[in-house]
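# Architecture and fold: a report
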Amino acid sequence: MRLQLENIGKTFPESKGGTVEAIRDVSFEVGANEVCVLLGPSGCGKSTILRMVAGLDRPTSGTIALDGRAIEGPGRDRGMVFQAYTSFDWLTVRQNVEYGLRLRGVPAAERHARAAHFIDLVHLTKFADAYPKVLSGGMKQRVAIARTLANEPEILLMDEPFGALDAETRWHMQELSISIAEETGKTILMVTHDIEESIFMADRIVFLSRHPGTVAANIVPAFKQGKRWRRKEEVLELDGYAELERDIMRLMRQQAGAEAAG
Amino acid sequence: MSQSNSRRPWITLRAPISRRNAIALGVACWVLFFLIWQLAVSTGLVTELLLPGPLKVLGTLGRLLATLDFWIDIGASVLRILVSFAMASVIAVPLGIVMGSFRALEAFFNPFMAAWRYLPAPSFIPVLLMWFGTGEGPKIALLFIGVVFFLVVLVMDYTKQVRTEFIETAMTLGGTRGQVLRTVIVPAVLPNVVVAMRQMLAVSWTYLVIAEIVASTNGIGAMMMRARRFLHTDEIMAGIVVIGMLGLLCDTLFRIAHRLLFPYIDESAR
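Residues numbered from 1 in each chain as written. Chains lettered and ligands numbered in written order. Predicted model: local features only at pLDDT ≥ 70, side-chain atom pairs only at ≥ 80, totals over all residues.

Assigned secondary structure in chain A consists of eight helices and 10 strands. Dimensions along the principal axes, computed over C-alpha positions, put chain A at roughly 60 × 45 × 35 Å. The buried share among the 262 residues of chain A stands at 44%. Long-range contacts, defined as pairs at least 24 residues apart, comprise 68% of the intrachain contacts of chain A with a sequence gap of at least 6. (Helix = DSSP H or I, 4+ residues; strand = E, 2+ residues; numbered from the N terminus. Buried ≥ 20, exposed ≤ 12 C-beta atoms within 10 Å, placed from the backbone. Contact = placed C-beta atoms within 7 Å.)

Listed below in structure tokens is the structure:
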């Protein structure tokens, strides 16, 4: 599994006529089993990049390829979890998780077994037959994650998946995502603007500047010793965490400063 | 603030009142209405020939309901509603859904539909009479025209409200265009389609009465026009009551159906 973005550019037409350049010359790669986080100030185009990987938007220039095949549109090899809740409210949790499998005609017995496995993975077994209306925000996001994983994508894309959650639920979800990454070996490309979240989750951080969005830094949190830590406080107390958080904050502030000056 | 709420809820802005009080107030308004009506008749303020009292109307309603003719009229009216509404729905619901799903179809049909909506359906009555004669044709056609264009646009608007994230999620799960339409857009919009149908059924009753008053020998509207010829004001008013009750019954049935068909809807989120 190898995701390659080469010289991606994106310009949007403006209402006044003319165009605005949102993203310029973005290149990076994501390798197998990697948790890669796209981090940057708001307006840097990180969500647009993720949507282009998902095939929901098209780059104006450059190419995106998964295992050497150029991306032409959405496909089940790139599953996406959105910030907004996307549990289909007319389906139970189980039916939601089975949705992708049903689309391609996976036999019922296999479908049930696979759904049960992933529902268990996100700790929702007790709610398997409930409708989304009784679920909390965090539980709805767990349904979305289970539904995407059950569909066996090559790569899991997450667009600020915990952005709408309260602080406590958010770090539970971050830890759950890490343990899922460990247990399934799934490759994850995630977008966030939360520095703490990015350092805790990421094997590698791709930091984007804005106007136009472009790769400003490739950061590997070396202090994590190449390991994934399942508890957030373990990472926060490691030597090197505070320094990295400070450095990234400075990068963010430079962006804001450039904005204020420009 | 909370003190004044608990002491004088009836005159405090936006203060909630108990359900029992709410029902009592609603009933009180009706009682007052009938009281004033009956009083106006009893004191001779209005001529009973033009406005019979509520008790007289109630008595007439009871007498009419005991006759077969009245039930045949009611049956004729209900049948017209059912047939015309089914025809309008069969066309409007699928068309509205595809118009709400594909921008090209919206661009093609919408200006046409929008223009028809602003033509009052009853203005077609003379030409409908010429085309279809005096049988069921012109009545069904009027009800159909009165409903179909509005229903298409309502369904289209509801379909456009289906959240983009639902559609994009289904696409990233490997859904084809047809699958997304069938397994996401249709189930997502269905509850609102039922709402739109409920709204348009009420409109349908309005056109029914117009159709039956203008050109019909049976149906509730025709019965009322017959009664007018003999100055049977009480029968006219009994007809109005029956139409009101039937409309209310339809509305209630749709509400119950909505609750039974879509148990998964989060009412608190509305």
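Moving on, there is more to tell.
Looking only at helices and strands, one finds 11 helices and zero strands in chain B. Counting from the amino terminus, helix and strand elements in chain B follow one another as α-α-α-α-α-α-α-α-α-α-α. Scaling as 2.2 N^0.38, a compact globule of 270 residues should have a C-alpha radius of gyration of about 18 Å, whereas chain B reaches 24 Å, well beyond that. Across chain B, every contact between residues at least 6 apart in sequence was considered, and the portion connecting residues at least 24 apart equals 70%. (Rg over C-alpha atoms; globule rule 2.2 N^0.38 Å.)

Time to look at the interface of chain B and chain A. Opposite the 14 residues of chain B that make contact, chain A presents 21 residues. Of all the secondary structure elements, the ones that give two or more residues to the side of chain B that touches chain A are α8 (164–172) and α9 (177–214) of chain B. The class makeup of the residues in the side of chain B that touches chain A is six nonpolar, five polar and three charged. (Nonpolar A, V, L, I, M, F, W, Y, C, P; charged D, E, K, R; others polar.)

Okay, the sheet that holds strand β6 (residues 78–81) of chain A next. Residue and element names in this part refer to chain A. Spatially, β6-β7-β8-β3-β9-β10 is the arrangement adopted by the six strands of the open sheet, whose pairing is mixed. On the outer flanks of this sheet lie β6 and β10 (214–219), each paired with one strand and no other. Strand-to-strand twist in this sheet, taken as the mean axis angle between neighbours without regard to direction, amounts to 20 degrees. The pairing of strand β3 (residues 35–39) with strand β8 (residues 187–192) spans five bridges and is parallel. Paired with L38 across the two strands is V191, which belongs to β8. Across the face of the sheet, helix α4 (residues 137–150) comes into contact with β6 and β7 (155–159) while running at roughly 175 degrees to β6. (Pairing = 2+ DSSP bridges. Axes fitted to C-alpha atoms, helices over the stretch in contact; angles between N-to-C directions.)

Turning to the sheet that holds strand β4 (residues 61–66) of chain A, a few remarks are in order. All names here are of chain A. Overall, antiparallel pairing links the four strands, which are arranged β2-β1-β4-β5 in an open sheet. Every interior strand has two partners, whereas the edge strands, β2 (19–31) and β5 (69–70), have only one. Here strand β1 (residues 2–13) runs beside β2; their pairing, made up of nine bridges, is antiparallel. Residue pairing in the sheet places P13 in a bridge with T19 of β2.

Right, let's talk about the domain arrangement of chain B for a bit. Accessible area lost when the parts come together is the quantity often used to give the size of an interface. What the domain assignment reports for chain B is domain 1 (2–42) and domain 2 (54–269). Taken over C-alpha atoms, the centre of domain 1 of chain B sits 33 Å from the centre of domain 2 of chain B. (Domains from an automatic or database assignment.)

Bringing the environment of R163 of chain B into the picture now. Position of R163 of chain B among the secondary structure elements: in the loop between α7 (136–160) and α8. A C-alpha to C-alpha distance of 12 Å links R163 of chain B and V180 of chain B, two positions 17 residues apart in sequence.

Residue and element names in this part refer to chain A. A cis amide bond, omega -10 degrees, links H211 with the succeeding residue P212. Residue placement: P212 occurs in the loop between β9 (204–209) and β10. Although it is not a glycine, N33 sits at a positive phi angle of roughly 65 degrees. Along the chain, the position of N33 falls in the loop between β2 and β3.

Let us look at the nonpolar core. All names here are of chain A. Residues L38, V53, A146, L157 and L189 are the most contacted members of the largest nonpolar core, which totals 62 residues. Top element by residues in this core is α4. It accounts for seven residues. If we ignore the near neighbours within four places in the chain, the residues touching V53 are L3, I64, I71, R78, L157 and L189. (Core = buried A, V, L, I, M, F, W, Y, C linked by C-beta atoms within 7 Å.)

The next point concerns the packing of helix α5 (residues 103–117) of chain B against α7 of chain B. Residue and element names in this part refer to chain B. Where α5 contacts α7, the axes come no closer than 9 Å and their chain directions differ by 135 degrees. It follows that α5 is oblique to α7 by the angle criterion. Like other packed secondary-structure pairs, α5 and α7 cross with a definite hand, here left-handed. The residues of α7 that touch α5, namely those facing E106, M113, A114, W116 and R117, are F149, F150, V152, V153 and M156. (Parallel < 35°, antiparallel > 145°, perpendicular 65-115°, else oblique. Left-handed = near helix turned anticlockwise from the far one by under 90°.)

In this section: the confidence of the model for chain B. Mean pLDDT over chain B works out to 92, with 96% of the residues at or above the 70 mark. As a predicted assembly, this complex carries a pTM of 0.89 together with an ipTM value of 0.92. (pLDDT = per-residue confidence, 0-100.)

What follows concerns the packing of helix α6 (residues 125–132) of chain B against α7 of chain B. Residues and elements named next belong to chain B. As a packed pair, α6 and α7 sit with axes 8 Å apart at the nearest point and diverge in direction by 140 degrees. Judged by the inter-axis angle, α6 sits oblique to α7. Where α6 crosses over α7, the two elements pack in a sense that is right-handed. When α6 is examined against α7, the residues I125, L128, L129 and F132 are found in contact with a partner set consisting of G137, P138, A141 and L142.

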